[in-house]
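# Results of the structural survey
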Amino acid sequence: MGLFGRTIVTFLPLAPRFIVGWVAKRYTAGENLGQALELMRTLSSEGACFTIDVLGEEIKSIDESSWFINEYESVIDSIVDSGIDANISIKPTALGLLIDEKSALSNIERIVRKAAKDDIFVRLDMEDNRVTQATIDAALTIQHQGLENIGVVLQGRMFRTPDDISKMSKLLGAKSDFRICKGIYLEPPEISYTSYLDIVDSTNRAIDLMLDSGSYTAIASHDIPVIEHALKSLESRGLGPGKEDSRHNPPVPMRKGKGPGYEFQFLLGVRGNIRRDLSNKGHRTRIYLPYGEKWYEYGMRRLRENPGVAVHVTKSLFMPWTNRR
Ligand code: FAD
């Protein structure tokens, strides 16, 4: 499987751009905000809400961050104008985190402050281990300035994740808000689990720790053992569709656009059948919806970082019953 993925990644850059574009169409909402809004209107009928990601990351000079700030400001305006049930996800390196932490922090804060006016939540995506601590620090600093509409992503594969959950939830209490995923970056064995079973186990443990810490928990996985574990964990803690989140005393009022203490999240184009099933059962389900002109560079980079994604994509094309859109 590793070899198959690596072979695809080696030969894919030789494929004509239109073929890559045809594949990418399933996973991105188009090149501009107008196309993203149109797709969200269609997918809203499936009971989903959204988190919008402007494609792009790791800028080379801090000046490039202005483009992302402007684009995200337009996204926030469009969410308000259209009434679509959506929040935003941002990649801190696109706002300069690897160039100048102070400037990146003020860039992120500018977006969070604008979003806060309409109670729109901002999720800081988690990138590779070079920025794990800086991303967490940015979220904590902004929270301490009184902006509560921000949360981070933690990656189940990382050894540090249980510690991060414990520290952040102690500092933020009921305001702590996590997305938990396995983690797409293949991190070294000194700092992360590397086998499938270990990653599933550590992700499941992280879900339980988040739920037990009273944090809002966004479960972002398409993997059945993770989703089934999450469903059992929710049920055993009295959480579920239509139930009040009873983990706090007094109960925490539900934020705009949030579920009762948890939600499930899916990437656009991946395992829509499972997402629709969860939604039909009353769970809040959110689609991660990337759009932008940089779909080619973004897709290629993701594939190079984790050739396993190439296997998933190929399987979706040739065995569509394993992965409904
Ligand atoms: P897997 O075992 O990898 O996948 C289970 C099944 O889902 C596969 O067999 C396949 O059928 C399908 N599948 C999964 N991924 C794909 C794909 N790309 N294309 C086609 N089929 C696929 N990672 C980070 O490091 N940082 C983040 O901020 C981050 N945010 C995320 C946000 C959301 C909403 C989601 C869903 C994932 C996010 N990820 C992020 C990626 C995540 O870490 C995993 O790499 C990815 O979700 C695959 O893991 P899985 O749990 O779905 O399990």
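The structure presented is a predicted model; accordingly, all values stated were derived computationally and were not measured. (Residues numbered from 1 in each chain as written. Predicted model: local features only at pLDDT ≥ 70, side-chain atom pairs only at ≥ 80, totals over all residues. Heavy atoms only, no water.)

Before going further, it helps to spend a moment on the pattern of salt bridges. If you walk through the whole model with that rule in mind, you get 23 salt bridges. In this structure, the salt-bridge partner of K91 is D125, at a minimum N-O distance of 2.9 Å. With a gap of 34 residues between them, K91 in the loop between β2 (86-90) and α5 (101-116) and D125 in the loop between β3 (122-124) and α6 (132-144) connect regions that are remote in the sequence. Among the residues examined, K91 registers a relative accessible area of 6% and is labelled buried. On the basis of relative accessible area, D125 is assigned to the buried category, the value being 4%. A salt bridge links D212 to R237; its shortest N-O distance comes to 2.6 Å. One end of the pair, D212, is in helix α8 (residues 196-212); the other, R237, is in the loop between α9 (224-236) and β7 (262-267), with 25 residues separating them in the sequence. In this structure R237 comes out as partly exposed when scored by relative accessible area, which is 24%. A cluster of three or more residues bridged by salt bridges with shared partners is formed by D53, K91, D125 and R179. (Salt bridge = Lys/Arg side-chain N within 4 Å of Asp/Glu carboxyl O. Helix = DSSP H or I, 4+ residues; strand = E, 2+ residues; numbered from the N terminus. Buried < 20%, exposed > 50% of the residue type's maximum accessible area, 1.4 Å probe, protein only.)

This brings us to helix α10 (residues 272-280). The complete set of buried residues in α10 reads G272, I274, R275, L278 and S279. Seen from one end, α10 has its buried residues packed into an arc of 160 degrees, which puts them on one side. Tucked inside the fold, the buried residues of α10 contact α3 (33-44), β1 (48-54), α9, β7 and β8 (285-291). At the C-terminal side of α10, G282 shows a positive phi close to 100 degrees. (Arc of directions from axis to C-beta. Contact = heavy atoms within 4.5 Å.)

Moving on to the environment of K175. Inspection of the secondary structure assignment puts K175 in the loop between α7 (161-172) and β5 (177-181). A residue is classified by how much of its surface remains accessible, and K175, at 41% relative accessible area, is partly exposed. The spatial distance from the C-alpha of K175 to the C-alpha of I150 is 9.0 Å, given a sequence separation of 25 residues. In this view, K175 contacts Q143 and E148; residues no more than four positions away in its chain are not counted.

With 68 residues, the main nonpolar core has M40, I108 and F264 as its most contacted residues. Of all the elements, helix α4 (residues 65-82) adds the most residues to this core, at six residues. A24, L55, Y298 and M300 belong to the second-largest nonpolar core, a separate cluster that totals seven residues. (Core = buried A, V, L, I, M, F, W, Y, C linked by side-chain atoms within 4.5 Å.)

Aromatic rings considered in pairs are described by the distance between their centres and by the relative angle of their planes. This structure, assessed with the given rule, holds three aromatic pairs. For the ring pair F159 and Y193, a centre distance of 4.7 Å and an interplane angle of 85 degrees mean the geometry is edge-to-face. Taken together, the residues span a long stretch of sequence, with F159 in the loop between β4 (150-155) and α7 and Y193 in the loop between β5 and α8 at a distance of 34 residues. Residue F159 is classed as partly exposed on the basis of its relative accessible area, which comes to 39%. Relative to F264, the ring of Y262 has its centre 6.1 Å away and its plane inclined at 85 degrees; by these criteria the two rings are edge-to-face. One exposure class covers both Y262 and F264, and it is buried. One residue, K258, lies across the ring of F121, its end atom 3.4 Å from the ring centre. The ring of Y216 has K258 lying over it, and the distance from NZ or CZ to the ring centre is 4.5 Å. (Phe/Tyr/Trp six-rings, centres within 6.5 Å; stacked < 30°, edge-to-face > 60°. Lys NZ or Arg CZ within 6 Å of the ring centre and 35° of its normal.)

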